[in-house]
Amino acid sequence: MHFESLSDFFAMGGYAGYVWTAFGITFGSMLVLLLVSVRRGRALLNEVQAKVDRQARIDAAKNLENTL
């Protein structure tokens, strides 16, 4: 689509309200999805690290029991 000026581009042929609202909702949804995914990923990594640390403590305690 060819626009004569920048204001014509932003007006989108009279459909600016629909077009820019759709873009806003799309980018807002993508931003929320990104933030939720990063937060859940970090939580998962922390959970896995906690389980690994716990297992290491259990193994260390078993080794100490065998030395008595």
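Criteria and thresholds
- Residues numbered from 1 in each chain as written.
- Predicted model: local features only at pLDDT ≥ 70, side-chain atom pairs only at ≥ 80, totals over all residues.
- Heavy atoms only, no water.
- Salt bridge = Lys/Arg side-chain N within 4 Å of Asp/Glu carboxyl O.
- Helix = DSSP H or I, 4+ residues; strand = E, 2+ residues; numbered from the N terminus.
- Buried < 20%, exposed > 50% of the residue type's maximum accessible area, 1.4 Å probe, protein only.
- UniProt positions renumbered as here; feature names shortened; annotations may be inferred.

### Comments concerning the pattern of salt bridges
Consideration 1: Under the counting rule described, the total for this entry stands at one salt bridge.
Consideration 2: For the salt bridge of E47 with K51, the shortest nitrogen-to-oxygen distance reads 3.6 Å. Linking E47 with K51, this pair stays in helix α2 (residues 16-65), spanning four residues, or about one helical turn.
Consideration 3: With a relative accessible area of 44%, E47 lands in the partly exposed category.
Consideration 4: Residue classification places K51 among the exposed positions, given a relative accessible area of 56%.

### Some thoughts on the UniProt feature "transmembrane region" (unreviewed entry) in the protein
Consideration 1: Those places that UniProt annotates as "transmembrane region" (unreviewed entry) correspond, in this numbering, to residues 15-36.
Consideration 2: Here residues 15-36 runs as 95% helix and 0% strand, with 32 Å between its end C-alpha atoms.

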